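Now for the letters of each chain:
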Amino acid sequence: MTRPLPSTVVSDLAEIVGHEHVITDPERLLVYESDGLTAYRRPPRAVVLPSSTEEISAVVELLHSNSIEVIPRGAGTGLSGGALTTPEGVIVGTARMNRILKIDVENRIAIAQPGVINARLTKATNPYGLYYAPDPSSQSTCTLGGNVAENSGGPHCLKYGVTARYVTGLTVVLAGGRIVKLGGVGRDPYSTLDLVGLFVGSEGCFGIATEIEIRLLPITEGVRTLLGIFESVESAGRAVTKIMASGLMPAAVEIVDGPTIEAVEASVFAAGYPLEAGAALVIEFDGTEAGLDLDADRAEKCCLEEGAIEVQRATDPEHRVKLWRARKKAFGAMGRIAPDLLVQDATVPRTRLPEVLAGIDDIGNRYGLKIANVFHAGDGNLHPNILFDRQNQNELELVELASKEIMQLCVDAGGTITGEHGVGVDKRKYMTLVHGPAELEAMAAAKRVFDPASLFNPGKVLPDAEGEPSTESDKILAMGE
Amino acid sequence: MRVDLTDSLSSILPGEAFGYSVPSSLSAALRTDVETIVAPGSVEEVAILLQWASDQGVGVVPIGTGEHTYPRYPRDPFIVLTASRLNEIQHYEPADLTMTAGAGVSIRDLATQMAIHGQWLPFDPPDVRNRTLGGLVATGLSGPLWAGYGQLRNHVLGATIVCGNGQILRLGGKVVKNVAGFDILKPMVGSRGELSIITSATVRIFPLPAVDRLLVLEATDISELVPTARAVATAPIMPASVTLSATSNGSRLLVRLHGAQVSVDSDQKSLEKHTSVSFEVRDTPEDQSLMLEEIDVGINTELAVRVWALPSQIDVLLDVLKRVPGVSLNADVYGGSVRAYLPEHLSDIESSLKGLQKDIEELGGSIRALRIPAEVNVPTYFTKPLVDEGELASGLKRAFDPQSVLWGIG
């Protein structure tokens, strides 16, 4: 049972942000009991929704002076339980911090508050011929603050890189409410250490970003989208390696495997993929219009050489949307096959994809579990989805075991335990697969520099006992990407 | 105090670690003679050395080639640690576009290996081929090509480092997407050996472009070229780099276009239409290297600074800098930064630099010294980091180099 906040703290919070922006009603708090990974649930003691850097600073100062832990939260679309509260925590949400403060066309930068939705920044900058490159699958709902916390990726990060490449400066609120400016275009980047780079991806454990300076790119002139249909996911994987080794630089290279195609084609999202296909490969090139057909021709040749049954090429924007549909709607469609799914997020060196995919298939067969793969093949970022029924206790245990074996398989292949979803609470148990005690202590030391009393999002990222769900019954395996 | 620490070190390091010569420009950068230089041959030897230094209270100055070292006052006594023996390419998988190599491997050697497979490391700070991988990562310098390829810091995928107290850490990995834990690799890149010593690094590499075209526009005064340079930098297509230079041979705008032949032809047409100018084209590597090297003609001058402001302020920045008689300039137009190579016979260096600092900081910009004569008090001319940034950086320094044997921030 969550312990309510002392009434004096509630009234002090209300004084800072307004009574209507402090949520303590247990029913309303249920909305905040988990993020996109609903395996972990716990309602916070309260939710506070400030609207400015100064308000966030005052809220953090008040909570920290009462030794109350602060759990930052964006849109709650994260997939690692990063926004799960601790038993004593208060969630500080950025939903009201949703203003784009500046679009500087001359210098191609924007300054936005953390609650701005990712896709909204692109929409707002499009009239100036600019856009924001990182495009996580949840971009129509996820926030820039959440993207900063998770160092989010997305399909087009293959060519353009992840969030860290685009964040040039930050205003952050640190322990005790201290407001600190880090970096910024126009300043000597070598005058100090790369604190912006360290803060990005710190999963809310260092502080809260309250203003984000972002680099924008000019909109590309043209785009070409191809869909390769393969008999097996291994041959699609080999085609990926061939394309990338050929010197081509696609904007995105995504694989959808047979079980996923089956699910999509049986759903309202049917994209017309052949049901007998073992895998589909979506390849996209963007850039100067004049070179795109040549790139597409070369990629098509690579696919055919690796045994593609057919290669389609989008002829108009609608066709492009259709070719992408199975990739984009895969997670929604999987609900038809099984009531629940667990999304994993490991990265392996691209050349190891075929053997790792075969290994995952083998793990699924051994445990009698259906595993569907939809992933960013170009950068080796796998998303194996284990399909199951949470009502079946025996199956739940098998899912846990299979999940751990998949992680070990990826690490043994030279990979890592998370490419873009973050560690949060969920992958802490796998951290020792990739980091030794000295590396983990070094990360803890870095956290202490920003948050010495561990009052920002404790119990995340680093594998200690803090913040674990109190009982197994708190944990119900997840659904959604 | 000048102390030769070789005797003490010879009991902990093998004979191969000794006998290395001190790079010619190093003593000037350190403002003192270098008495002891050692070359550990493995990460373990680096760790032993740093444990020893921590115990003995001896400063350690890490160098790559030692030819591009920032002006700094090392702790006294100190030794120089050269990465010369950490010179192996440990892992290169062309199909993965990743490479792991020792800190002492020269960029020239890496480039030769990568070129065999049609690949390269697209970073071009001055004199890049004569730098080492460790030096490049430790300085975090990307060069103007960052515009087309992103900053070096985003392409360092992993590194083995040794902290000031001898603790070995293996950070990051060999994959291009990795968010497994706090990214403590990021502050190591560009920390210039102040937090740790990088013994090897894994970097993302790129396919060589089919065509590397250099567009050139010449003028007598750099200011005449600025409007075109800014027009290029705000055009709908994004060149790989845009550089402005002013030397005694005149002023030039250099625009690099990378890609397939048809794309580069099309990009050139777009840019010429957008800017209403016709560029001279240099497509052969020989022509290009002549031009690209010439912009860093001042690389060996004893007095050089680098300044930053918003890219849109590059005109004002150049106006301020070209007031210095005899100055050579090299500007990264996308980055809003300029390297200024100042004449060594400049009268009253201190007041000239103070004047520059004042003007540039009034613009909201920053200035730092790259090379400076021994008699000039260096830290005065660095634009200081913001107070809070400085405190956080000091906290990291205490965490990773508790005895402060590595350089010392300042």
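Residues numbered from 1 in each chain as written. Chains lettered and ligands numbered in written order. Predicted model: local features only at pLDDT ≥ 70, side-chain atom pairs only at ≥ 80, totals over all residues.

So, on to the overall build of chain A. A count of helical and extended segments in chain A gives 15 helices and 20 strands. Taking 2.2 N^0.38 as the reference for a compact globule, 481 residues should give roughly 23 Å; the C-alpha atoms of chain A span a radius of gyration of 23 Å, in line with that estimate. With respect to the three principal axes, the spread of C-alpha positions in chain A is 70 × 60 × 45 Å. Evaluated residue by residue, chain A yields a buried proportion of 58% over its 481 residues. Put simply, 73% of the contacts in chain A that link residues at least 6 apart link residues at least 24 apart. (Helix = DSSP H or I, 4+ residues; strand = E, 2+ residues; numbered from the N terminus. Rg over C-alpha atoms; globule rule 2.2 N^0.38 Å. Buried ≥ 20, exposed ≤ 12 C-beta atoms within 10 Å, placed from the backbone. Contact = placed C-beta atoms within 7 Å.)

What follows concerns the overall build of chain B. If you tally the helices and strands in chain B, you get 13 helices and 18 strands. Per-residue burial for chain B yields a buried fraction of 55% across its 410 residues. The long-range share in chain B, meaning contacts at least 24 apart out of those at least 6 apart in sequence, stands at 68%.

For the rest of this paragraph, the subject is the interface of chain A and chain B. Opposite the 71 residues of chain A that make contact, chain B presents 65 residues. Sorting the residues of the side of chain A that touches chain B by element identifies strand 9 (179-183), helix 7 (195-199), strand 11 (217-218), helix 8 (233-245), helix 10 (289-305), helix 14 (431-434) and helix 15 (437-450) of chain A as the ones contributing at least two each. A per-element tally of the side of chain A that touches chain B places helix 15 of chain A first, with nine residues. When grouped by side-chain class, the residues that make up the side of chain A that touches chain B number 30 nonpolar, 27 polar and 14 charged. (Nonpolar A, V, L, I, M, F, W, Y, C, P; charged D, E, K, R; others polar.)

Next up on the list: the nonpolar core. As a rule of thumb, nonpolar side chains are buried together in soluble globular proteins. Counting 271 residues, the largest nonpolar core has V48, A280 and L281 of chain A together with V60, V307, L321 and A340 of chain B as its most contacted members. When residues in this core are grouped by element, the largest group, seven residues, is from helix 8 of chain A. If we skip the residues at most four places from it in the chain, V60 of chain B touches L50, A53, F78, I79, L81, V405 and L406 of chain B. (Core = buried A, V, L, I, M, F, W, Y, C linked by C-beta atoms within 7 Å.)

A word on the domain arrangement of chain B. All names here are of chain B. Each assigned domain of chain B is listed here: domain 1 (1-208 + 386-410) and domain 2 (211-381). Distance between the C-alpha centres of domain 1 and domain 2: 27 Å. Counting residues at the interface gives 11 residues for domain 1, matched by 18 residues for domain 2. For the side of domain 1 that touches domain 2, the leading source of residues is helix 6 (residues 146-149), giving three residues. Residues of the side of domain 1 that touches domain 2, tallied by class, amount to seven nonpolar, two polar and two charged. (Domains from an automatic or database assignment.)

Residues and elements named next belong to chain A. Running from amino to carboxyl end, helix 12 (residues 353-367) crosses helix 13 (residues 393-412) at an angle of 160°, the nearest separation of the two axes being 10 Å. Between helix 12 and helix 13, the interaxial angle falls into the category roughly antiparallel. As for the relative orientation of helix 12 and helix 13, their crossing is right-handed in sense. Residues V356, G359, I360, I363, G364 and Y367 of helix 12 form the contact with helix 13, whose participating residues are L398, L401, A402, E405, I406, L409 and C410. Taken together, the residues of the contact of helix 12 with helix 13 sort by class into 10 nonpolar, two polar and one charged. (Axes fitted to C-alpha atoms, helices over the stretch in contact; angles between N-to-C directions. Parallel < 35°, antiparallel > 145°, perpendicular 65-115°, else oblique. Left-handed = near helix turned anticlockwise from the far one by under 90°.)

Bringing the packing of helix 15 of chain A against helix 13 (residues 387-400) of chain B into the picture now. Relative to each other, helix 15 of chain A and helix 13 of chain B sit at 150°, their axes nearing to 9 Å. In terms of orientation, helix 15 of chain A and helix 13 of chain B fall into the roughly antiparallel class. Remark: the crossing between helix 15 of chain A and helix 13 of chain B carries right-handed chirality. Residues A445, A446, V449 and F450 of chain A of helix 15 of chain A lie in contact with helix 13 of chain B, whose contacting residues are L392, G395, L396 and A399 of chain B.

Residues and elements named next belong to chain A. The domain architecture assigned to chain A consists of domain 1 (100-218) and domain 2 (222-412). Computed from C-alpha coordinates alone, the two centres of domain 1 and domain 2 are separated by 28 Å. Contacts between the two partners involve five residues from domain 1 and, on the opposite side, 10 residues from domain 2. Partitioning the side of domain 1 that touches domain 2 into residue classes produces two nonpolar, two polar and one charged.

Once that is clear, we can look at the sheet that holds strand 15 (residues 304-308) of chain B. Residues and elements named next belong to chain B. Strand order in the open sheet formed by eight strands is 14-11-13-12-16-17-15-18, and the pairing between neighbours is antiparallel. The open sheet has two free edges, formed respectively by strand 14 (280-282) and strand 18 (366-371), since each of these has just one partner strand. For this sheet the average axis-to-axis angle between neighbouring strands, irrespective of direction, equals 20°. Note that strand 12 (residues 241-247) and strand 16 (residues 328-332) share four bridges and pair antiparallel. If you follow L244 over to strand 16, its bridge partner there is A331. (Pairing = 2+ DSSP bridges.)

In an α-helix, one turn spans 3.6 residues; hence positions three or four apart end up facing the same way. Taking 1.5 Å as the rise per residue, helix 8 (residues 222-233) of chain B with 12 residues should run 16 Å; its terminal C-alpha atoms sit 16 Å apart, in good agreement. Looking at the buried side of helix 8 of chain B, the elements it contacts are strand 11 (211-219), strand 12, strand 13 (250-259), helix 9 (261-275), helix 11 (314-321) and strand 16 of chain B. (Expected span 1.5 Å × (residues − 1).)

We now examine the sheet that holds strand 8 (residues 167-173) of chain A. Two strands in a sheet stick together by hydrogen bonds in their backbones, pointing the same way (parallel) or opposite ways (antiparallel). Residue and element names in this part refer to chain A. Across the sheet, which stays open at both edges, the five strands sit in the order 5-6-10-8-9 with antiparallel pairing between neighbours. Both outer strands of the open sheet, strand 5 (100-104) and strand 9, are each paired with one neighbouring strand and no more. Within the sheet, the average angular offset between the axes of one strand and its neighbour, ignoring direction, is 10°. Sitting on the sheet, helix 3 (residues 53-65) is in contact with strand 8, strand 9 and strand 10 (208-215), with an inclination near 45° to strand 8. Where helix 4 (residues 118-125) meets the sheet, it contacts strand 5 and strand 6 (109-112), and its direction lies at approximately 40° from that of strand 5.

Time to look at the environment of L387 of chain A. Residues and elements named next belong to chain A. Take L387: it is sitting in strand 20 (residues 384-388). L387 sits in the buried class, given 21 other C-beta atoms within 10 Å. Counting along the chain gives 15 residues from L387 to A372, while the straight-line C-alpha distance between them is 7.5 Å. Each residue touching L387, except ones within four places of it in the same chain, is listed here: M334, I337, A338, L341, K370 and A372.

Residue and element names in this part refer to chain A. Mapped onto the fold, V116 is located in the loop between strand 6 and helix 4. Separated by 17 residues in sequence, V116 and R99 place their C-alpha atoms 6.2 Å apart. When sequence neighbours within four positions are dropped, the list of residues in contact with V116 reads N98, I100, L121, T143 and L144.

Moving on to the pairing of strand 7 (residues 156-163) of chain B. Residue and element names in this part refer to chain B. Strand 7 sits mainly inside the fold: seven of its eight residues count as buried. With seven bridges connecting them, strand 7 and strand 9 (residues 196-204) associate as antiparallel partners. Residue pairing in the sheet places V156 in a bridge with V203 of strand 9. As paired strands, strand 7 and strand 8 (residues 168-172) are joined by five bridges and run antiparallel to one another. Within strand 8, the residue paired with I161 across the bridge is L169. Hairpin connection between strand 7 and strand 8: a loop of four residues separates the two successive antiparallel strands, and G166 in this loop has a positive phi of roughly 95°.

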